[in-house]
Amino acid sequence: MSCIEARSLSKSYDGLEAVSSIDLSVSAGKIFGFLGPNGAGKTTTIKLLTTLIAPTSGTIHILGMDAIRHPLEVRKKVGVVLQQPSYEPTLSVEKSIEKYAMMWNVDKKLQKDRVEELLSAFDLHDIRKKKNDDLSIGQRRRVQVAREFVHDMDLLFLDEPTVGLDPSARRSLLDYVKKKVREGLTIFFTTHILEEAEYLCDEIAIINKGKIIAVDTPTELKNKFGREKTIKIHIGETRKDLSVLLQGIHDYQIEYDSGTIITIRSHSSEDVLLKILQILTVNEIPIEDLSVVPTSLEEIFLTMVKNSNASSGSISK
Amino acid sequence: MHPVVRLVNRNLTISLNMGFLIWQVIFPLIYIFVAGFAYTALIHEVPFANKRLDYPAFIASGMIGFNIMNSTLVSGIIIWNDRRHGMFEQILVGPFTRAQYILSNVYTIGIIGLISAGLITAVGYPLFFKSVEFNILTIPLVVFASITGSILFGSIASIISTRLKSSEGFNVVINTVFLFFAFVSTAFYPAEGAPKALAMAFYFNPLTYLVDVVRAGIFGNFNSLVGLEMLVLACGSVILFVMATKLLSKLEL
């Protein structure tokens, strides 16, 4: 079953298209990653999907409901952690989660248990009596995210939820999200941190300049766009002629050459590596260290955005 | 629980903190007991309808209207605080409509206005009890003034909250508005006897109408002018409420 179905979705502000005819389909029980550089249209898309703003054109179905015609019905089933901080400055951590549960009409008997569970899961026990106004940015963000799990929902939008969190809080949050997905929740997740997307997401869409430029699983994205690998060689003596020695090899590109460390990118990394080893052996060049690193999602992302910018630039010209 | 009731519950929880209550009680008490008695040496009596009130009684009754304005201006800025702290958008992505959010603010403002009026009436009662002439007609006047005044001043604060973006600008405007409303009115002194231009300026101020109707209710003085003032108060609160609602409905996210 599809949790989110958006077709030809567009949003313009004063003639400028923030989101341009995008199609999205998110399956139930999955974590869908939505990546893009700043100003790509991620937050506008979330605002459209959460019914906060109306689209200029296109259709949105959330959990089988028409989100444009029945926004309130959609919102009753959906949780949203917006990118911007949101908090009640005068309330304590505990009270703000309790009040949020009350706002969502959570049964009073359930409220107490859930508040305790969230205080524990998000490591908020020690600061439960502290006022939101007195918290650090990271603590406030933890409360904001924790609060959203106090009510029942079928779909949760997380707009860069880990901003401001330290690595351990970040990992705890991601693991908690994974646990909730195993229990049946669907997550729409935006982030700038590609490692997070790789760790968490079943499927990823990349948006740039309001258009979706790729949608696939992280593995497939790597297979499609990341066959290139990086070979890093550290030799035992300084050789100024290293790049000259390697000239006979095909399908490679030197990224960095200091005379002792050379970094090479290649689509045929095994062949290239063998040839390099032969050349180094023939020339009696000692090897200190050698590694082959597969292309990360981050590199794929950067390449795709760069290519997309270049192609839209050439179109506009 | 109905969504509006849940939002009112939340609004009251965030508004009724110790600082707010101290502000609501201490501030008018200073005016009533310090200014009221200190000025008695200068102002022995104040003419009011067919009576002559002593100044502490006059100012204590004025403080009821003043406190309604004061508290509803403060609670009316719930919208401002919600926008500033991201709760406005957060509520609107929750199980609430904009209309419910607006309505919850009106109820909150009304409740706070009535509580404030009740509080100051209780505190000020010993000062004006000698001149009090409550009857079946006049008590509703106080309630009417409290409700329409709350909506009117709450709407003004809401309008300011939707129009301004910077904290500095908001503080300047809300303080200026407060100063004008508080001191260019009949809350502290009667219009009669003031320079003509100033007396006229009093009647460009909704607090004057609110205070006059409250006093008419307390001292049993209903006449055609009070009736007209009630009409102005009712029309003003409706117009400003519609304006605030429209602005809030159109507020871009």
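Scroll up to find the structure.
To start, this report covers the structure provided alongside it. (Residues numbered from 1 in each chain as written. Chains lettered and ligands numbered in written order. Predicted model: local features only at pLDDT ≥ 70, side-chain atom pairs only at ≥ 80, totals over all residues.)

### A short note on the overall build of chain B
So, step 1. Within chain B, the regular secondary structure consists of 11 helices and two strands.
So, step 2. Written out in order from the N terminus, the α and β elements of chain B read α-α-β-β-α-α-α-α-α-α-α-α-α.
So, step 3. Radius of gyration (C-alpha) of chain B: 18 Å, near the 18 Å computed for a compact globule of 253 residues.
So, step 4. Each principal axis of the C-alpha distribution contributes one length, and for chain B these read about 55 × 35 × 35 Å.
So, step 5. The proportion of buried residues among the 253 residues of chain B is 44%.
So, step 6. Of the contacts made within chain B by residues no fewer than 6 positions apart, 81% connect residues no fewer than 24 positions apart. (Helix = DSSP H or I, 4+ residues; strand = E, 2+ residues; numbered from the N terminus. Rg over C-alpha atoms; globule rule 2.2 N^0.38 Å. Buried ≥ 20, exposed ≤ 12 C-beta atoms within 10 Å, placed from the backbone. Contact = placed C-beta atoms within 7 Å.)

### Details of the overall build of chain A
So, step 1. Of the regular secondary structure elements, chain A holds 11 helices and 14 strands.
So, step 2. Put simply, chain A has 317 residues, and 37% of those count as buried.

### What about the pairing of strand β7 (residues 155–159) of chain A?
Residue and element names in this part refer to chain A.
So, step 1. Across the five residues that make up β7, a large majority, five, are buried.
So, step 2. Neither face of β7 is open: one carries Leu155, Phe157 and Asp159, the other Leu156 and Leu158, and all of them are buried.
So, step 3. As judged from the four bridges shared by strand β6 (residues 78–81) and β7, these two strands associate in the parallel manner. Bridge assignment links Val81 to a residue of β7, and that residue is Leu158.
So, step 4. Across five bridges, β7 lies against strand β8 (residues 186–191) in parallel orientation. Bridging across to β8, Phe157 finds its partner in Phe188.
So, step 5. For the handedness criterion, the β-α-β arrangement of β7, helix α6 (residues 167–182) and β8 is classed as right-handed. (Pairing = 2+ DSSP bridges. Right-handed = clockwise from strand over helix to strand, strands pointing away.)

### What about unusual backbone geometry?
Residues and elements named next belong to chain A.
So, step 1. Notably, Leu63 is not glycine yet its phi reads approximately 50 degrees, a positive angle.
So, step 2. Structurally, Leu63 is set in the loop between β4 (57–62) and β5 (65–66).
So, step 3. Positive phi, normally seen in glycine, also occurs at Lys209, with a value near 50 degrees.
So, step 4. Relative to the elements of secondary structure, Lys209 occurs in the loop between β9 (203–208) and β10 (211–216).

### Notes on the interface of chain B and chain A
It is common to give the size of an interface as the accessible area that goes away when the parts come together.
So, step 1. Counting residues at the interface gives 18 residues for chain B and 22 residues for chain A.
So, step 2. Of all elements in the fold, only α1 (3–15) and α5 (87–92) of chain B reach the threshold of two or more residues within the side of chain B that touches chain A.
So, step 3. Broken down by element, the side of chain B that touches chain A gets its largest block of residues, five residues, from α1 of chain B.
So, step 4. For the side of chain B that touches chain A, the per-class residue count stands at seven nonpolar, eight polar and three charged. (Nonpolar A, V, L, I, M, F, W, Y, C, P; charged D, E, K, R; others polar.)

### Some remarks on the nonpolar core
Side chains that are nonpolar tend, in soluble globular proteins, to be buried together.
So, step 1. Phe188 of chain A together with Leu210 and Val213 of chain B are the most contacted members of the largest nonpolar core, which has 127 residues in total.
So, step 2. With 12 residues, helix α3 (residues 55–76) of chain B is the largest single contributor of residues to this core.
So, step 3. Setting aside its immediate chain neighbours within four residues, Val213 of chain B contacts Leu141, Phe144, Ala145, Val226, Glu229, Met230 and Leu233 of chain B.
So, step 4. By size, the runner-up hydrophobic cluster in this structure holds seven residues, among which are Leu242, Ile262, Val272 and Ile276 of chain A. (Core = buried A, V, L, I, M, F, W, Y, C linked by C-beta atoms within 7 Å.)

### Some details on helix α7 (residues 138–163) of chain B
In an α-helix, one turn spans 3.6 residues, which is why side chains three or four residues apart end up on the same side.
So, step 1. Compared with the 38 Å implied by 1.5 Å per residue over 26 residues, the 38 Å span of α7 of chain B between its first and last C-alpha is a close match.
So, step 2. The buried fraction of α7 of chain B is high, at 19 of 26 residues. (Expected span 1.5 Å × (residues − 1).)

### Focus on helix α11 (residues 224–250) of chain B
Residues and elements named next belong to chain B.
So, step 1. Its 27 residues place the ends of α11 39 Å apart at the C-alpha level, agreeing with the 39 Å of an ideal helix rising 1.5 Å per residue.
So, step 2. Of the residues making up α11, those classed as buried are Val226, Glu229, Met230, Leu233, Gly236, Ser237, Phe241, Ala244 and Leu248.
So, step 3. At its buried positions, α11 is contacted by α4 (78–84), α6 (98–128), α7 and α10 (206–218).

### A few points about the environment of Lys47 of chain A
So, step 1. Within the secondary structure, Lys47 of chain A is located in helix α1 (residues 42–49).
So, step 2. Residue class for Lys47 of chain A comes out buried when judged on the 24 C-beta atoms lying within 10 Å of it.
So, step 3. When the C-alpha atoms of Lys47 of chain A and Leu82 of chain A are compared, they prove to be 8.9 Å apart, with 35 residues separating the residues in sequence.
So, step 4. Beyond its immediate chain neighbours, meaning those up to four positions away, Lys47 of chain A contacts Leu52 and Ile53 of chain A together with Leu253 of chain B.

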